Structures are given as structure tokens and as C-alpha cells.
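Fold and contact review
Okay, here's what each chain looks like letter by letter:
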Amino acid sequence: MGEVGRPGVLLLTGSLGPGGTELALMTLARRLRARGHFEPRVAVLGGGGAWAEMLRGEGIAVTELGIAGPLRRPRALARLLRLAALVRREGIAIVHTFLFDADVYGMLACRLGFPRAVITTRRAIKAHRPHHLRAYRLTDRFVQRIVANSKAVERFTVEVERAPAAKVMTIPNGVDVEAFAAGSAARGRGVLG
């Protein structure tokens, strides 16, 4: 269990470098924490970098697992066991994965870590990545929900990846409208010269 009995949610990613998926993950972690119903944690397969430090500074735990690398390597089982141990040790109720490596590692490790639910996110059409399609076809059975960020990605996930339609739903990327709120026209003119 997370802090004060709140269910722990592990947001698992392959990267916390600058990027759209990483920004979406950070926003989700912040919003989950602000709402207070869940205790978000972030885990990165490799290293975390500056964005990991930013999240830690905001009170969101970030674990750098140091387990990046293909599953076909000999140390893959040890890596999966380390991730499963984290899920069990921290009493994680929900694991939500982002990006291909984290999706596959997460879905397999969760079979050993026993969270109540596994969610994965599809954010791109990977028609030219046949090894991704094969991996997803094998691991989709281990998730309760697949979240697509657009109807096109949802259609691809169901029709080409062959994920069960009942598991797939679309939640478009959110936009923080406050970040684009109107400011001072005079200040804007000054900045632009």
C-alpha cells in the first residue's frame, strides 16, 4: 500500500528524458498525487536524469532500475525478478506502463509481482515494427486495459495488433490549458521586441 493506505500506482517507463510520452507520464503522476486517491511512484528501466530529480523534488518516488536491455539477453530473468520484487515489496496495486520496453518488461514482471491491475498505453502506430507487434500479441493477455491516445491508435491496436477490443479504450492526450492562458499583452510585446 502507498502512503496512508492509499493504493500504490507504479508508472513504469523506459525513459524519463525529454519527450511527449515522458511528459504525459509526469503529468499523470502529479495529478494522481494531487487528487490524493492513489500514491504514485515512477520506475524507469534505465536511468532517470533531470526529470527524475524534478519528480523527486515534488515528493514523487522515482526508482531507477538499471534493467534496460533486450529480453533476449541472459540477464533478462534477473531483471524481470527485480521488477516483480519492487511491485510486491511496495504493495503496488496498479502498474501502468509506457513505451515498448517498459510495456513488455512490465507485463511479464507483473505476472510474478501480482498487482491487482496492469494498464498499458499505446501512443503510436508501429506498423513497421514487426517485433513490437509479436511481443504485444504475446503480452496483451496479461493486461486489464490498453489505453490508446487516439482513435487511429485504438483501431490499429485492435485490428493489427489483435488486442481484444474489450480491453482497449481511447483517452486523448490532455492539454494543460493553464499553461496557455492569456498573459499580459504588454509583457508579450516586450518579450517579442
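Residues numbered from 1 in each chain as written. Predicted model: local features only at pLDDT ≥ 70, side-chain atom pairs only at ≥ 80, totals over all residues. Heavy atoms only, no water.

Points about helix α1 (residues 20-35)
So the rule is basically this: Put simply, DSSP marks the helices as runs of H or I at least four residues long and the strands as runs of E at least two long, and each gets a number from the N terminus on. Expected span, for any helix, means 1.5 Å times one less than how many residues it has. In this description, contact between two residues means that some pair of their heavy atoms is separated by no more than 4.5 Å.
Compared with an ideal rise of 1.5 Å per residue, which puts 16 residues at 22 Å, α1 spans 22 Å between its outermost C-alpha atoms and is within 8% of the ideal. Among the structural elements, β1 (8-13), β2 (39-44), α2 (49-57) and β4 (92-98) are those in contact with the buried residues of α1.

Quick word on the packing of helix α3 (residues 76-89) against helix α4 (residues 100-113)
For clarity, the cut-off: Helix axes are fitted to C-alpha atoms over the stretch in contact, other axes to C-alpha atoms as well, and angles between N-to-C directions run from 0 to 180 degrees. By definition in this entry, angles of less than 35 degrees are roughly parallel, angles greater than 145 are roughly antiparallel, angles of 65 to 115 are roughly perpendicular, and the rest are oblique. Left-handed describes a crossing whose near helix is turned anticlockwise from the far helix by less than a right angle; the clockwise case is right-handed. Charged residues are taken to be Asp, Glu, Lys and Arg, nonpolar residues to be Ala, Val, Leu, Ile, Met, Phe, Trp, Tyr, Cys and Pro, and polar residues to be all remaining types, Gly included.
Orientation of α3 relative to α4, taken along the N-to-C sense of each, is 60°, at an axis distance of 8 Å. On the basis of the axis angle, α3 is oblique to α4. In this structure, α3 meets α4 at a crossing whose hand is right-handed. For the pair α3 and α4, the contacting residues are Ala76, Arg79, Leu80, Leu81, Leu83, Ala84, Val87 and Arg88 in the first and Tyr105, Gly106, Leu108, Ala109, Leu112 and Gly113 in the second. Here the contact of α3 with α4 is built from residues that sort into 10 nonpolar, two polar and two charged.

Comments concerning the sheet that holds strand β7 (residues 168-170)
Our working definition: Any two strands are treated as partners once DSSP identifies two or more bridges connecting them.
Taking strand neighbours across the sheet as the criterion, the seven strands line up as β3-β2-β1-β4-β5-β6-β7 in an open arrangement whose pairing is parallel. Two strands lie at the open edges of the sheet, namely β3 (61-64) and β7, each paired on one side alone. Averaged over all pairs of adjacent strands, the angle between their axes in this sheet comes to 25°, without regard to strand direction. Examined bridge by bridge, strand β5 (residues 117-122) and strand β6 (residues 145-148) share four bridges and lie parallel to one another.

What about the side chain of Asp140?
Stated formally: Buried residues are those whose accessible area, probed at 1.4 Å on protein chains only, stays under 20% of the maximum for their type, while exposed residues exceed 50% and partly exposed ones sit between those limits.
Structurally, Asp140 can be placed in the loop between α5 (130-139) and β6. On the basis of relative accessibility, which here comes to 3%, the residue Asp140 falls in the buried class. Setting aside residues up to four positions removed in sequence, Asp140 forms contacts with Met107, Arg122, Ile146, Glu161, Ala163 and Lys167.

Some remarks on the nonpolar core
Basically, it comes down to this: Remark: nonpolar core denotes a set of buried residues (Ala, Val, Leu, Ile, Met, Phe, Trp, Tyr, Cys) joined through side-chain atoms within 4.5 Å.
Ranked by internal contacts, the top residues of the largest apolar core, which has 28 residues, are Leu10, Leu12, Leu45, Leu65 and Leu83. No other element matches the seven residues that α4 contributes to this core. Core analysis: the second largest hydrophobic core is formed by 18 residues, Leu16, Leu55, Ile60 and Ile94 among them.

Points about α5
This is how it is decided: What the arc describes is the spread of directions from the helix axis to the C-beta atoms.
Those residues of α5 lying buried are His132, Leu133, Ala135, Tyr136 and Thr139. The arc that holds every buried residue of α5, seen down its axis, measures 165°, which confines them to one face. Exposed and oriented more than 90 degrees from the buried face of α5 are Arg134 and Leu138. Turning to α5, the residues buried within the fold contact α4, β5 and α6 (151-159).

Remarks on the packing of aromatic side chains
Quick note on the threshold: Pairing of aromatic side chains requires ring centres within 6.5 Å, counting the rings of Phe and Tyr and the six-membered ring of Trp. Pairs whose planes differ by under 30 degrees are stacked, by over 60 edge-to-face, and all others tilted.
What the rule picks out here adds up to one aromatic pair. Look at Phe100 and Tyr136: their rings are 5.5 Å apart centre to centre, the planes differ by 80°, and that puts the pair in the edge-to-face class. Here Tyr136 lies in helix α5 and Phe100 lies in helix α4, a separation of 36 residues in the sequence. Exposure class is identical for Phe100 and Tyr136. Each is buried.

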